[in-house]
Amino acid sequence: MGLFITFEGSEGSGKSTQTRALYERLNAAGYPVILVREPGGTRIGDMIRAIVLDLQHTEMDPTTESFLFSAARAQLVNEVIKPYLALGGIVICDRYADSTYAYQGYGLGRNLDELKTLTAIATGDLHPDISIYLHISADEGLERKQRHNGELPKGVEWNRLDAREVAYHRRVAEGYQALIASDMPRWRVCDARLSIDALADITYDHVLPYLAKITRIDTPGK
Ligand SMILES: Nc1ncnc2c1ncn2[C@@H]1O[C@H](COP(=O)(O)OP(=O)(O)O)[C@@H](O)[C@H]1O
Ligand SMILES: [Mg+2]
């Protein structure tokens, strides 16, 4: 029931930009759709997000970090995502389980099998129907985010995970490549250096074949 779409990619790859664009298009076309982001998307999840991303929390243990992400995810899945999918709606999620594997697994060296077990518990084995990967090198993505010399544009944040060293972000990017290679059918890889509008067209095209099973709430333009 419903359609579960996730967006993944390095920092600065354009996930926030593209998830919003897709949400707006689907909404304008009359589809029942919600947009959520990880970590967060619920009242409790947003509180966990503040703890995880706080630049001052330099002492956070990787195990703590993994559990906090999973706790926020469990709340989001059970409070928001599953109920909306059960109604036949479309859920767009800005980051999901693959971020845990890429960041805590490949980035921080946590055991992938353990992370998968933790994620299965947190999500009740809820997997995305389609995952869009916005591909950009770690260096270029970080550069995009920092371009404004510390003064980030509205809606763009610089957090504890962004602040980790470039080598870490490179491991994350390589991790995504490995994740994609191991589960190709679910992934749609897009070149994140294309223009914002071109990418919005491409991602919409990727989603289009899945829309046949979604009942619109109203006629567009009505
Ligand atoms: N296709 C694009 N080309 C150039 N700049 C982009 C593109 N998409 C997003 N940006 C810019 O890059 C920065 C990071 O984008 P954002 O959507 O916040 O990425 P993410 O959510 O993946 O970290 C923002 O300043 C945004 O305006
Ligand atoms: Mg973002």
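First, a word on scope: everything that follows refers to the structure included in this document. (Residues numbered from 1 in each chain as written. Chains lettered and ligands numbered in written order. Predicted model: local features only at pLDDT ≥ 70, side-chain atom pairs only at ≥ 80, totals over all residues. Heavy atoms only, no water.)

1. Focus: the pairing of strand 3 (residues 90-94)
And step 1. Burial analysis of strand 3 places five of its five residues in the buried class, the great majority of the element.
And step 2. The two faces of strand 3 match: Ile 90, Ile 92 and Asp 94 on one face and Val 91 and Cys 93 on the other face are all buried.
And step 3. In this sheet, strand 3 lies alongside strand 1 (residues 3-9) in parallel orientation, the contact comprising five bridges. Of the residues in strand 3, the one forming a bridge with Ile 5 is Ile 92.
And step 4. Sheet topology places strand 2 (residues 33-37) next to strand 3; five bridges connect them, and they run parallel. By the bridge assignment, Val 36 is partnered in strand 3 with Cys 93. (Buried < 20%, exposed > 50% of the residue type's maximum accessible area, 1.4 Å probe, protein only. Helix = DSSP H or I, 4+ residues; strand = E, 2+ residues; numbered from the N terminus. Pairing = 2+ DSSP bridges.)

2. Focus: the nonpolar core
And step 1. Ranked by size, the top nonpolar core spans 23 residues in total, and within it Phe 4, Val 36, Ile 81, Cys 93, Tyr 96, Leu 126 and Tyr 176 carry the most contacts.
And step 2. Elements represented by at least two residues in this core include exactly helix 3 (62-86), strand 3, helix 4 (97-107) and helix 7 (166-182).
And step 3. Each residue touching Tyr 176, except ones within four places of it in the same chain, is listed here: Glu 8, Gly 9, Ser 10, Arg 95, Asp 98, Ser 99, Ala 102, Tyr 103 and Tyr 133.
And step 4. The next biggest cluster of nonpolar side chains, apart from the first, holds 21 residues, and it includes Leu 26, Ile 92, Cys 190 and Ala 192. (Core = buried A, V, L, I, M, F, W, Y, C linked by side-chain atoms within 4.5 Å. Contact = heavy atoms within 4.5 Å.)

Keep in mind these numbers describe shape, not what the thing actually does.
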